[in-house]
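Each chain is listed here by its residues.
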Amino acid sequence: MLRSNLSKINIADIATAAIMTTMNDFLNKITWDENGLLPAVAQDAASGRVLMVAWMNREALALTVQEQRTVYWSRSRKKLWYKGEESGHVQYVKEIHIDCDSDVLVLQVEQTGGIACHTGRASCFYRVLRDGEWLTVDPVIKSSGEIYT
């Protein structure tokens, strides 16, 4: 009598394999730089303001898609960086766009706490060039000492 091998099939394994195939499909369509990275621009989904620019590798982007929160690659620390892991200022992903060359991402996010910058400001782009000088135009919402205790 023939026994069915169906009892040995794990549905969770099949689902995981399908997700990984889909993940690899879109990851393989990205033009990664020589270090396996690409720049990712975080933009406030409601206002359109650019909050910050960071870098992602394959794993960071896969985790960002899977968890719907930003995960970056820290070039200085050479490790994954979950935005908000120390500060609590998490970025929840609403949409991900890729440019025409497939080598830059724009992440439309909901920024918790209203602070994206390690300086305690809403955006890392808080200075503007006026008359040959960089002027600070955005206030500190919370000091970095209060954020990173």
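Residues numbered from 1 in each chain as written. Predicted model: local features only at pLDDT ≥ 70, side-chain atom pairs only at ≥ 80, totals over all residues. Heavy atoms only, no water.

J.: Hey, could you go over unusual backbone geometry for me, with residue numbers and the actual values?
T.: Positive phi, normally seen in glycine, also occurs at Q68, with a value near 60°. Mapped onto the elements, Q68 comes out in the loop between α2 (58-67) and β3 (71-74). Phi angles above zero are rare outside glycine, and K78 is one such case at about 55°. Along the polypeptide, K78 turns up in the loop between β3 and β4 (79-82). Given the relative accessible area of 61%, K78 is considered exposed. (Helix = DSSP H or I, 4+ residues; strand = E, 2+ residues; numbered from the N terminus. Buried < 20%, exposed > 50% of the residue type's maximum accessible area, 1.4 Å probe, protein only.)

J.: How would you explain the layout of surface pockets if you had to name every residue and give the values?
T.: Roughly 420 Å³ of internal volume is contained in the largest pocket. Taken together, 20 residues line the largest pocket, and the ones lying closest to its centre are M52, R77, W81, K83 and H118. Counting residues per element, the ones that place at least two in the lining of the largest pocket are β2 (50-56) and β3. Its residues assigned to classes, the lining of the largest pocket comprises ten nonpolar, five polar and five charged. (1 Å grid on protein atoms, 1.4 Å probe; cavity = no way out; pocket = protein on both sides within 12 Å on 5 of 7 lines; lining within 4 Å. Points joined across faces, edges and corners; volume = space filled by probe spheres on them. Nonpolar A, V, L, I, M, F, W, Y, C, P; charged D, E, K, R; others polar.)

J.: Let's hear about the packing of aromatic side chains: which residues, and what values?
T.: One pair of aromatic rings is described through two measures. These are the centre distance and the angle between the planes. Enumeration over the complete set of coordinates arrives at one aromatic pair. The ring of Y126 is capped by R121, whose NZ or CZ atom sits 3.9 Å from the centre of that ring. (Phe/Tyr/Trp six-rings, centres within 6.5 Å; stacked < 30°, edge-to-face > 60°. Lys NZ or Arg CZ within 6 Å of the ring centre and 35° of its normal.)

J.: Let's hear about the nonpolar core: which residues, and what values?
T.: In globular proteins that are soluble, nonpolar side chains generally tend to be buried together. Of all hydrophobic cores here, the largest spans 22 residues; its most connected members are M56, L61, Y72, L105 and L107. If you list the elements that add at least two residues to this core, you get β1 (38-44), β2, α2, β3 and β6 (105-111). Setting aside anything within four residues of it in sequence, one finds M56 in contact with W32, G36, L37, L38, A40, L61, T64, V71, Y72, W73, L105 and L107. (Core = buried A, V, L, I, M, F, W, Y, C linked by side-chain atoms within 4.5 Å. Contact = heavy atoms within 4.5 Å.)

J.: I'd like to hear about the environment of V71, residue by residue, with values.
T.: Along the chain, V71 turns up in strand β3. Measuring from C-alpha to C-alpha, the distance between V71 and N57 comes to 9.5 Å, with 14 residues separating the pair along the chain. With residues near it in sequence (within four places) discarded, V71 still touches M56, A60, L63, T64, L80, W81 and Y82.

By themselves these figures say nothing about function.
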